[in-house]
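# Examination of the molecular architecture
One letter stands for each residue in the lines below.
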Amino acid sequence: MKLLPCSAAKTSSPAIQNSVEDELEMATVRHRPEALELLEAQSKFTKKELQILYRGFKNECPSGVVNEETFKEIYSQFFPQGDSTTYAHFLFNAFDTDHNGAVSFEDFINGLSILLRGTVQEKLNWAFNLYDINKDGYITKEEMLDIMKAIYDMMGKCTYPVLKEDAPRQHVETFFQKMDKNKDGVVTIDEFIESCQKDENIMRSMQLFENVI
Amino acid sequence: MAAGVAAWLPFARAAAIGWMPVANCPMPLAPADKNKRQDELIILNVSGRRFQTWRTTLERYPDTLLGSTEKEFFFNEDTKEYFFDRDPEVFRCVLNFYRTGKLHYPRYECISAYDDELAFYGILPEIIGDCCYEEYKDRKRENAERLMDDNDSENNQESMPSLSFRQTMWRAFENPHTSTLALVFYYVTGFFIAVSVITNVVETVPCGTVPGSKELPCGERYSVAFFCLDTACVMIFTVEYLLRLFAPPSRYRFIRSVMSIIDVVAIMPYYIGLVMTDNEDVSGAFVTLRVFRVFRIFKFSRHSQGLRILGYTLKSCASELGFLLFSLTMAIIIFATVMFYAEKGSSASKFTSIPASFWYTIVTMTTLGYGDMVPKTIAGKIFGSICSLSGVLVIALPVPVIVSNFSRIYHQNQRADKRRAQKKARLARIRVAKTGSSNAYLHSKRNGLLNEALELTGTPEDEHMGKTTSLIESQHHHLLHCLEKTTGLSYLVDDPLLSVRTSTIKNHEFIDEQMFEQNCMESSMQNYPSTRSPSLSSHPGLTTTCCSRRSKKTTHLPNSNLPATRLRSMQELSTIHIQGSEQPSLTTRPPPTTSK
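Every value quoted in this text rests on a predicted model; they were computed, and no experiment measured them.

Rules and cut-offs
- Residues numbered from 1 in each chain as written.
- Chains lettered and ligands numbered in written order.
- Predicted model: local features only at pLDDT ≥ 70, side-chain atom pairs only at ≥ 80, totals over all residues.
- Heavy atoms only, no water.
- UniProt positions renumbered as here; feature names shortened; annotations may be inferred.
- Helix = DSSP H or I, 4+ residues; strand = E, 2+ residues; numbered from the N terminus.
- Contact = heavy atoms within 4.5 Å.
- Buried area = accessible area lost by both parts, 1.4 Å probe.
- Salt bridge = Lys/Arg side-chain N within 4 Å of Asp/Glu carboxyl O.
- Polar contact = N/O pair within 3.5 Å; in protein donor to acceptor, adjacent residues only side chain to side chain.
- Pairing = 2+ DSSP bridges.
- Axes fitted to C-alpha atoms, helices over the stretch in contact; angles between N-to-C directions.
- Parallel < 35°, antiparallel > 145°, perpendicular 65-115°, else oblique.
- Left-handed = near helix turned anticlockwise from the far one by under 90°.
- Nonpolar A, V, L, I, M, F, W, Y, C, P; charged D, E, K, R; others polar.
- Core = buried A, V, L, I, M, F, W, Y, C linked by side-chain atoms within 4.5 Å.
- Buried < 20%, exposed > 50% of the residue type's maximum accessible area, 1.4 Å probe, protein only.
- pLDDT = per-residue confidence, 0-100.
- Expected span 1.5 Å × (residues − 1).
- Lys, Arg positive; Asp, Glu negative; His and termini not counted.
- Phe/Tyr/Trp six-rings, centres within 6.5 Å; stacked < 30°, edge-to-face > 60°.
- Lys NZ or Arg CZ within 6 Å of the ring centre and 35° of its normal.

### Focus: the UniProt feature "domain: EF-hand" (unreviewed entry) in chain A
The positions that UniProt labels "domain: EF-hand" (unreviewed entry) are, in the present scheme, residues 83-118, 119-154 and 167-202 of chain A. Counted over residues 167-202 of chain A, helix gives 72% and strand 8%. Its end C-alpha atoms are 21 Å apart.

Okay, here's the thing in structure tokens:
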């Protein structure tokens, strides 16, 4: 705010400049999805389903893309007691396949198509991709621990029984015992898929969300 | 959950697949979607304007009317749409709430109409978005204040018959317009306050010379007269204060109130003066005490609403006044210091110390400029001018806030007064409309009885007797007739033609007001309890003023032959002469035995 006319800001501070740029950016970022037919061909959804999905998507994100903040907000509405920001961050990265920082409708549909209409192989692939935070093809114990902590965070503080400090670590150990066949401390995609296919529970639960849409 | 978030639930559920490989135990079964139907457009017809939306949009909020099965009650099979007989303008806002998750409050909408609509659709007003919530709350508060005002004045005007003497006195003190005695008291006290104040003023005016001594003020020349006046005033004030002390419902609170303190301060000096002897030591203190007599002028605030508003404004602007005072003090100290040091060098400077400079600073900042202290050095003059400029600024800033507060409160008061004045006329008009409906019943009775008479006598009468009433009216009248039969209380019809047919009336029926009066008079029941008088309109005025009016009426108005079908207002009815002598017999009939 300029109170005295002589104090004209010759060099506007970088903060102000950035915010102006940000505003422009926000205003100009608009994304229109591919044509309906194209999406229908790419994904396994019918036209009607795509319409319903897009309406919901566009309602929440009128600009056509979801950035990470909005993603976290939306996801945290489903888990009010806990802190789901970390898990939402991992989930965002799993959906944002081209890593441009925004999930467009196509990314969204691709992800959902795999999760709801894909084969078990595809689903397991997707899950592996989610756990593999740095996308190097191996799940390390640290990565798994992060994921586990994020999942437990979503539960919040008020649980029964009370969450123990080392519960995530225990859980990771159990997971690695089950998955890591050659005990080399990392889980590869093949180990993962093989172990999951052997497990009855996992197989069954993969089919759980078939009819979500 | 917010609106669109429900649309993301499928996504969240799908993403849950990410937990599956990690889970150690089997997952619970998913709920089956029994009523899985395709999303369909539903048509909402609101008073003719058609809105269309997806069914799932409405189902986002299942605890509202539109989101639950409650809307099925409004489903119209023929047109396959949901019909609501409500305001389409407000419905627009309601539907937008479903669509966007935000409820807005349109400014042009009346607050109570909007509230009604929200209540109908089962939406809590608390979820109005932040953008509109403040406006909504402000309007609601205004409306509530207005209603409270109305209710208060209504309660005050209702005649409560069982007020104790103490309560009547308190009401008389608080509101002098309730009775003539209160008004007299009000004016008398006002007069004496004025007399007392003028006396105090005139006392000090020099009144000519007495030969042999210097000029005296009037107070000393006519000391006896002034003393008598003072005594009289103080006596009146004392009596008034004691009465006020006796009357209020909460004496402790009254004693603590400002007005009572002013009363006490006004009369104390006199009594203290009486008690103290003519002692040289204390006479100085006594003179000081006489200054407090001037507080009598504050007693006028009971008589002037403007003064009260001013006082209330000052109280409510306490923070602004405090800020003004604080900033002024700061500025005074700063400038006084500066001026003192600036003028220190000049000879014969009046700025002998910083406190001495305070006077100069105050006089300059308020732009008074007496000129008794003037800076002589150049630096002093420069700082002096800065001082006066800043004084103007500092004082001008909080004053508009105080002014606008005063204006707001004053206008609010004006509005309240205006509303109260209009209310009487409004209520009178409402009363007329209400009694119109009761008269409708009487007229239908007359018509009914006349029809009966026609049937019995067989003589054709004018067509206007057969006035057709709507279905609702006739049902209403039938209902009232049933009540008659049940209770045995009655209205009597005052038609001259019907006086012949009184023998056909077997039971007590609704009695018209002046018939009732007539009966009161003729059966000379002086103390007829007002509660027994039945009336269709539940207005208390009808029952309480009945017999009081009776006592006032001494002459009968000339006979007026009026046709039965002419609609009359209650005021008109009261001037119509009561017919015949056969009517009293109706009320003496034994009450009917109701057979079950």
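This is not the end of the story, as more comes after the structure.
### Some points on the interface of chain B and chain A
Each partner contributes to the interface: chain B provides 34 residues, whereas chain A provides 47 residues. Taken together, the two surfaces of chain B and chain A that pack against each other cover about 3,400 Å², and 71% of this comes from carbon and sulfur. Here chain B is connected to chain A by 0 salt bridges. Put simply, chain B and chain A have 3 residue pairs in polar contact (both at pLDDT 80 or more) between them. The dominant element in the side of chain B that touches chain A, judged by the number of residues it contributes, is helix H1 (residues 3-15) of chain B, at 11 residues.

### A look at the pairing of strand S2 (residues 49-54) of chain B
All names here are of chain B. By the bridge criterion, 6 bridges tie strand S1 (residues 41-46) to S2 in an arrangement that is antiparallel. Bridging across to S2, Leu-41 finds its partner in Trp-54. Counted along the chain from S1 to the antiparallel partner S2, the turn is 2 residues long, and its residue Ser-47 has a positive phi close to 50°.

### Describing the packing of helix H5 (residues 85-95) of chain A against helix H7 (residues 120-131) of chain A
All names here are of chain A. Two elements in contact, H5 and H7, have axes separated by 9 Å at closest approach and are oriented at 125°. In terms of their interaxial angle, H5 and H7 are classed as oblique. The hand of the H5/H7 crossing is right-handed. Along the contact surface, H5 presents Tyr-87, Phe-90, Leu-91, Ala-94 and Phe-95, while H7 presents Trp-126, Asn-129 and Leu-130. When grouped by side-chain class, the residues that make up the contact of H5 with H7 number 7 nonpolar, 1 polar and no charged.

### Section: the nonpolar core
Leu91(A), Phe108(A), Met144(A) and Phe192(A) are the most contacted members of the largest nonpolar core, which has 61 residues in total. With 26 residues, the next largest nonpolar core counts Leu65(B), Tyr82(B), Tyr98(B) and Ile128(B) among its residues.

### Thoughts on the confidence of the model for chain A
Of the residues in chain A, 85% have a pLDDT of 70 or more, and the chain-wide mean is 81. Across chain A, the secondary-structure element scoring lowest on mean pLDDT is helix H1 (residues 14-28) of chain A, at 55, and the one scoring highest is H5(A), at 90.

### Quick look at unusual backbone geometry
Residues and elements named next belong to chain B. Positive phi is not limited to glycine here, since Lys-80 has a value of about 55°. For Lys-80, a relative accessible area of 54% gives the class exposed. Of note, Ala-348 is a non-glycine position whose phi angle comes to about 50°, a positive value. The topology assignment puts Ala-348 in the loop between helix H14 (318-343) and helix H15 (354-365). A relative accessible area of 72% means that Ala-348 is categorised as exposed.

### Notes on the UniProt feature "transmembrane region" (unreviewed entry) in chain B
Residues and elements named next belong to chain B. Under the present numbering, the feature "transmembrane region" (unreviewed entry) in UniProt falls on residues 181-202, 222-243, 255-276, 321-342, 354-370 and 382-403. Structurally, residues 222-243 is divided into 95% helix and 0% strand, and its ends, taken at the C-alpha atoms, are 32 Å apart. Annotated as 71% helix and 0% strand, the span residues 354-370 places its first and last C-alpha atoms 18 Å apart.

### Quick look at helix H6 (residues 105-117) of chain A
All names here are of chain A. The end-to-end C-alpha distance of H6, which contains 13 residues, comes to 17 Å, matching closely the 18 Å that a straight helix rising 1.5 Å per residue would cover. Burial of H6 is extensive: 10 of the 13 residues sit out of reach of the surface. Buried within H6 we find Phe-105, Glu-106, Asp-107, Phe-108, Ile-109, Gly-111, Leu-112, Ser-113, Leu-115 and Leu-116.

### Points about the pattern of salt bridges
For the structure shown, the criterion picks out 24 salt bridges over all chains. The salt bridge involving Lys72(A) is made with Glu68(A); its shortest N-O contact spans 3.5 Å. Within this pair, Lys72(A) and its partner Glu68(A) are both found in helix H4 (residues 68-78), separated by 4 residues, close to a single helical turn. For Glu117(B), the salt bridge identified is with Arg86(B), shortest N-O distance 3.2 Å. Taken as a pair, Glu117(B) in helix H4 (residues 111-120) and Arg86(B) in the loop between strand S4 (81-84) and helix H3 (88-100) lie far apart in primary sequence, 31 residues in all. Residue classification places Glu117(B) among the buried positions, given a relative accessible area of 9%.

### Thoughts on the side chain of Asp96(A)
Residue and element names in this part refer to chain A. Within the element layout of this structure, Asp-96 appears in the loop between H5 and strand S2 (102-104). Despite its burial, Asp-96 pairs with no opposite charge; the closest candidate is Lys-135, at 9.8 Å N-O. Those residues in contact with Asp-96 that lie beyond four places of it in its chain are Gly-101, Ala-102, Val-103 and Asp-107.

### Here's the deal with the packing of H15(B) against helix H16 (residues 378-396) of chain B
Residue and element names in this part refer to chain B. At a closest axis distance of 7 Å, the pairing of H15 and H16 adopts a crossing angle of 60°. Put simply, H15 runs oblique to H16. As H15 runs across H16, the sense of the crossing is right-handed. Within the contact between the two elements, H15 uses Tyr-360, Thr-361, Thr-364 and Met-365 and H16 uses Gly-384, Cys-387, Ser-388, Ser-390, Gly-391, Val-392 and Ile-395. In terms of residue class, the contact of H15 with H16 is made up of 5 nonpolar, 6 polar and no charged.

### Side note on the confidence of the model for chain B
All names here are of chain B. Summing up the model confidence of chain B, the mean pLDDT is 75 and the portion of residues at 70 or higher is 71%. When the criterion is pLDDT under 50, residues 458-467 qualifies, and its contacts beyond four places in sequence or with other chains add up to 10 contacts. Low pLDDT (under 50) marks residues 498-509, which in the prediction has 36 contacts with non-local residues, meaning those over four places away or in another chain. Across the interfaces of the predicted complex, the ipTM metric reaches 0.79, alongside a pTM of 0.54.

### Observations regarding the environment of Thr69(B)
Residue and element names in this part refer to chain B. Looking at where Thr-69 falls in the secondary structure, it is placed in the loop between helix H2 (55-58) and strand S3 (75-76). Thr-69 gets classed as exposed once you look at its relative accessible area, which sits at 64%. A C-alpha to C-alpha distance of 9.7 Å links Thr-69 and Glu-59, two positions 10 residues apart in sequence.

### Some thoughts on the packing of aromatic side chains
All names here are of chain B. With the rule as written, the count across this model stands at 50 aromatic pairs over all chains. Between Phe-173 and Phe-185, the aromatic rings sit 5.1 Å apart at their centres with planes inclined by 55°, giving tilted as the arrangement. Here Phe-185 lies in helix H7 (residues 180-202) and Phe-173 lies in helix H6 (residues 165-174), a separation of 12 residues in the sequence. For Phe-173, a relative accessible area of 12% gives the class buried. Above the ring of Phe-120, the side-chain terminus of Arg-86 is found at 4.0 Å from the ring centroid.

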